[in-house]
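Results of the structural survey
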Amino acid sequence: MLDAEEERIWQALSAEQPELAERFRQQIPYGRRGILQRLVQAVVRENIAGLGERSLWQESGRVLTLELAGGSRLRVPVSCRHSLGRFDLGEGDLQVISPTGESAVLDHPALLVDLLEAEGVPAELLLRFRREMQNSAANLALALAGAERRRADLMPDAERLGCSTAVEYAEKRAAAEEAFSTLAFFEQWVVEGHPLHPGAKIKMGLDPMDVLRDSPEWGAMPEVVPVAVHKDHCRWISYAKQSPSDILFAEHPGLRERVAASLTAKGLQPDDYELIPVHPWQYEHTLPALFRHAIEAQEVVPLPETRIPTYALMSFRSLAPVQKRGEGKHHIKTAVNVQTTGAVRTVSPNSAQNGPLLSRLFTLIQDRERHFDGRFWILTEEAGVYYRPSGQEDALLGKQLASILRENPENHVQDGEIAMPGSALLAASPISGTSIARELIERYAARNGIENLHEAATAWMRAYAETALPGFLTVMSRYGISLEGHLQNSVAVFRDGAPARMIVRDFGGVRILRERIARQGLQAEFFPGSATVIDDVHDMRNKIYYPVFQNHFGELITSIVRSLDTGEKPLWHAVATVCRRVFADLKQEGGPFGQQAADDEAALFAPTLDLKAMATMRLLGDVTSYTFARVPNPLADSY
């Protein structure tokens, strides 16, 4: 029986694409199971309703039993346990067993949400959360159906090129086609979303056909709509003193002329207007509802006849313009009034202004550190722009009509290299079926003459850590800046399977410790009310230790363990060894700089780490104030 979200998608597909509707129906059990895996882990790890404290491992770790109110038990089959309190669901059903021994199958995340209500979580907190879990499960099933169809379309081309892996396919396409983007290719094969967030595939506000048209896992190529906004009603800030219009005109031949012709035809003066790039969904659904009066007054002038073709990237709202290699067109972060995972993906005036300001700061720091010998790059956010009616700040309207132009990561990718988001390393290859990380490790092993894949994985992990961690840890410890280097924000570059460099994007989660940046003689002045500058060193560490070590390295190591059936300990030891070396170098500075490095090292290798409690945050409806739980630290045991 389908739930309301599944029925909604089924009906839409049946009317528009009957063949896909059948694929979707076949994937529904897998969509439910995938989100259930994430949610039951969150309940235990975050101790929601005290159930983590009432859980017991049995049958040599193959069964997890949760003691429920009234004497019932939830029996969870487990195939494998991992570090940081994670585990994989095993074969068989989750079962609720009553005190009299009767059992009921729990096969949908919404049923687990119902159990939380029985455990005392207030019903008002669960109402929206239940809908989110249903939406996430249904959209995961839809994504899996789409991947199945896209894979069938891709395989003949892979066979034609003689490719047995996605890595080889991307390399050959890039060598032969100057318009082929390895980054966009791998971004669009991240099908299942966040590996731990139970809202991994939430797309609240999107119709099923919108999902097919605009989502990256469908290979979407949205066409950005330039919207001309009168200069009296918008504000922009630029890292390089170029306006957003100047940048877009320079990068998209003919755009200036088409925009000028359209505005002139409406009796308007082109020089009076600034461009804000708008996502096509936002243009169709939000602008008519929220900006009708501004459009009628010609303060806001959409130009749908003049569009910019792009590739949808995995964040949905960020888009990569179609380009030839070397053109360096900026990526476009757009505002979309749609909830994906845990937040509505608009662009706040805060973010639009702070991005270019942070870019100036990061440029100074990277110059001082020589980009860590070219192996670590923090991308600039060249310009931000947002709607500001009559020159006054309007938090609601400003975030709905705003954009950020971000440096293209592929500016730092050389011939013979491929780029991909860290999330793609966990993804299933559309060609080999194994993880992309395993494909890279196998290539690395072959190039370096390593016959044992377990040994190759450890050597590869050491090389990967060497590209990423000196940058992340030095910027944090020396300058007090936490980069939110989770899998989606980190773009890894490889040559012949070997890690070559790490590129970091998106400043939304950046935190700067006031005391440390001042100690370096640098200033940090940002949009009023910004949460960017902080005074709590514990907060600074959490903002990097969770995304980098738990999300990024933790999930990458777990993926490698699953793919190669190897142990975690050698992989974590490789990471720990790099961390110890970086801190040893930092401690040589002596004085307060050496002491802060020693304190940061002690915190990283402490017995426990703070886990970002994502399901708890969704229950509370709060994505800005982070909630944490404690989990055992694999680094503490590894060195």
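Residues numbered from 1 in each chain as written. Predicted model: local features only at pLDDT ≥ 70, side-chain atom pairs only at ≥ 80, totals over all residues. Heavy atoms only, no water.

A look at helix α17 (residues 436–448)
- With 13 residues, α17 should reach 18 Å at 1.5 Å per residue; the first-to-last C-alpha distance of 18 Å fits that figure.
- Of the positions making up α17, those classed as buried are Ile436, Ala437, Glu439, Leu440, Ile441, Arg443, Tyr444 and Ala445.
- Phi turns positive, to about 65°, at Gly449, one or two residues after α17. (Helix = DSSP H or I, 4+ residues; strand = E, 2+ residues; numbered from the N terminus. Expected span 1.5 Å × (residues − 1). Buried < 20%, exposed > 50% of the residue type's maximum accessible area, 1.4 Å probe, protein only.)

Focus on empty space enclosed by the protein
- If you walk through the whole model with that rule in mind, you get two cavities of 30 Å³ or more.
- Mapped by element, the contributors of at least two residues to the lining of the largest cavity are α2 (18–45) and β26 (608–612).
- Here the element with the most residues in the lining of the largest cavity is α2; it accounts for four residues.
- Looking at the lining of the largest cavity residue by residue, the class counts come to six nonpolar, two polar and four charged. (1 Å grid on protein atoms, 1.4 Å probe; cavity = no way out; pocket = protein on both sides within 12 Å on 5 of 7 lines; lining within 4 Å. Points joined across faces, edges and corners; volume = space filled by probe spheres on them. Nonpolar A, V, L, I, M, F, W, Y, C, P; charged D, E, K, R; others polar.)

Digging into the side chain of Thr566
- In this fold, Thr566 is placed in the loop between α20 (537–564) and α21 (569–587).
- Filtering out sequence-adjacent residues up to four positions away, Thr566 remains in contact with His454, Ile560, Val561 and Leu571. (Contact = heavy atoms within 4.5 Å.)

A short note on the packing of α2 against helix α4 (residues 123–161)
- Taken N-terminus to C-terminus, the directions of α2 and α4 make an angle of 130°; their axes are 6 Å apart at the nearest point. Considered as vectors, α2 and α4 are oriented oblique to each other. Here the hand of the crossing between α2 and α4 comes out right-handed.
- Grouping the amino acids of the contact of α2 with α4 by side-chain chemistry returns 15 nonpolar, four polar and six charged. (Axes fitted to C-alpha atoms, helices over the stretch in contact; angles between N-to-C directions. Parallel < 35°, antiparallel > 145°, perpendicular 65-115°, else oblique. Left-handed = near helix turned anticlockwise from the far one by under 90°.)

Examining the UniProt feature "domain: Aerobactin siderophore biosynthesis IucA/IucC N-terminal" (unreviewed entry) in the chain
- As recorded in UniProt, the sites labelled "domain: Aerobactin siderophore biosynthesis IucA/IucC N-terminal" (unreviewed entry) are residues 183–427.
- The distance from the first to the last C-alpha atom of residues 183–427 is 14 Å, and the span holds 33% helix and 24% strand. (UniProt positions renumbered as here; feature names shortened; annotations may be inferred.)

With respect to the sheet that holds strand β16 (residues 343–344)
- The strand order across the open sheet built from three strands is β7-β15-β16, with neighbouring strands paired in antiparallel fashion. If you trace the sheet from one side to the other, it starts and ends with β7 (203–204) and β16, each paired once.
- Pairing of strand β15 (residues 339–340) with β16 involves two bridges; the strand directions are antiparallel. Looking at β16, one finds that Gln339 is bridged to Val344. (Pairing = 2+ DSSP bridges.)

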